[in-house]
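Residue-level structural notes
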Amino acid sequence: MGSVVSGLLGGGAADASDSTLEGSGVNVFHSSERWLLHFNASKESNQLMVIDFAATWCGPCKFMEPAVKSMASKYTDVDFVKIDVDELPDVAQEFTVQAMPTFVLLKKGKELERVIGAKKDELEKKIQKHRAVSNA
């Protein structure tokens, strides 16, 4: 029965939350429908969400991946999400992503700030700033 339901929802059991980057706490979405469910649920929460828009062919994205994984492990109260712009171009377009990597910081579905490029220090400062507001 579970496989029938997941089949109807657009994925098999292997893609249940889509996936997580090797236990790093970064959720990776491979389907627009699953992303939309996650995004809509996040609108009810005061939790900070950081979306990493990246591409497999993007050198700066690969450079940032270990830093993002590290931040996801350090800031477990933050929802880290990775979207491949080639896999989910509609989601990238919805957020008007024009360069990679682009990191969009959201709370309750509203964009707070964004970081364009491989700027890990700037990204971490913005995460600290916005998570502090939700933890205060």
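Residues numbered from 1 in each chain as written. Predicted model: local features only at pLDDT ≥ 70, side-chain atom pairs only at ≥ 80, totals over all residues. Heavy atoms only, no water.

**Some remarks on the state of the cysteines**
- With the rule as written, the count across this model stands at one disulfide.
- In this model, cysteine 58 is linked to cysteine 61 through a disulfide, with the two sulfur atoms separated by 2.3 Å. Across the disulfide from cysteine 58 to cysteine 61, rotation about the S-S bond amounts to roughly 80°, and the bridge is consequently right-handed. Pair check on accessibility: cysteine 58 and cysteine 61 agree, each one buried. (Disulfide = S-S within 2.5 Å. Buried < 20%, exposed > 50% of the residue type's maximum accessible area, 1.4 Å probe, protein only.)

**A short note on the confidence of the model for the protein**
- Per-residue pLDDT for the protein has a mean of 86; in total, 79% of the residues score no lower than 70.
- Segment residues 1-17: pLDDT under 50, and eleven contacts once partners within four positions in sequence are set aside and those in other chains are kept. (pLDDT = per-residue confidence, 0-100. Contact = heavy atoms within 4.5 Å.)

**Looking at helix H3 (residues 59-74)**
- In this model, H3 (16 residues) spans 24 Å end to end at C-alpha, consistent with the 22 Å of a helix rising 1.5 Å per residue.
- Of all the bends in H3, the greatest, near 35°, is centred on glutamate 65, and the proline proline 66 appears no more than four residues after it.
- Taken residue by residue, H3 has Cys61, Met64, Ala67, Val68, Met71 and Ala72 as its buried positions. (Helix = DSSP H or I, 4+ residues; strand = E, 2+ residues; numbered from the N terminus. Expected span 1.5 Å × (residues − 1). Bend = angle between axes of the 7 residues up to and from the residue.)

**Considerations on helix H2 (residues 32-42)**
- What H2 keeps buried is the set Ser32, Arg34, Trp35, Phe39 and Ser42. Relative to the axis of H2, the buried residues are bounded by an arc of 160° and lie together on one face. Opposite the buried face of H2, by more than 90 degrees, sit the exposed residues Glu33, Leu37 and Ala41. (Arc of directions from axis to C-beta.)

**Looking at the packing of aromatic side chains**
- Taken as a whole and judged by the stated rule, the model has five aromatic pairs.
- Between tryptophan 35 and phenylalanine 39, the aromatic rings sit 5.3 Å apart at their centres with planes inclined by 25°, giving stacked as the arrangement. In this pair, tryptophan 35 and phenylalanine 39 are both assigned in helix H2, four residues apart and thus about one turn of the helix distant. Like phenylalanine 39, tryptophan 35 is buried.
- Every member of this aromatic cluster is reached through a ring pair, and the members are Phe29, Trp35, Phe39, Phe53 and Phe95. (Phe/Tyr/Trp six-rings, centres within 6.5 Å; stacked < 30°, edge-to-face > 60°.)

**Regarding the side chain of lysine 82**
- As for its placement among the helices and strands, lysine 82 is situated in strand S4 (residues 79-84).
- Given the relative accessible area of 16%, lysine 82 is considered buried.
- Within the local environment of lysine 82, its side chain forms a polar contact with the side chain of glutamate 65, the two groups lying 3.0 Å apart. (Polar contact = N/O pair within 3.5 Å; in protein donor to acceptor, adjacent residues only side chain to side chain.)

**Regarding the nonpolar core**
- By size, the foremost hydrophobic cluster in this structure holds 20 residues, and its most contacted members are Trp35, Ile51, Phe53, Ile83 and Phe95.
- At the level of secondary structure, the elements contributing two or more residues to this core comprise H2, strand S3 (49-54), S4, helix H4 (89-94) and strand S5 (102-107).
- Of the residues forming this core, the biggest block, four residues, is contributed by S3.
- When residues no more than four places from it in sequence are discounted, the contact partners of isoleucine 83 are Phe29, Trp35, Ile51, Asp52, Phe53, Ala54, Leu88 and Val91.
- The next biggest cluster of nonpolar side chains, apart from the first, holds 16 residues, and it includes Val50, Met64, Ala67 and Leu105. (Core = buried A, V, L, I, M, F, W, Y, C linked by side-chain atoms within 4.5 Å.)

**A closer look at the environment of aspartate 52**
- Note that aspartate 52 resides in strand S3.
- Residue aspartate 52 is classed as buried on the basis of its relative accessible area of 6%.
- For the pair aspartate 52 and valine 104, spaced 52 residues apart in sequence, the C-alpha separation works out to 6.8 Å.
- Beyond its immediate chain neighbours, meaning those up to four positions away, aspartate 52 contacts Val68, Val81, Lys82, Ile83, Pro101, Thr102 and Phe103.

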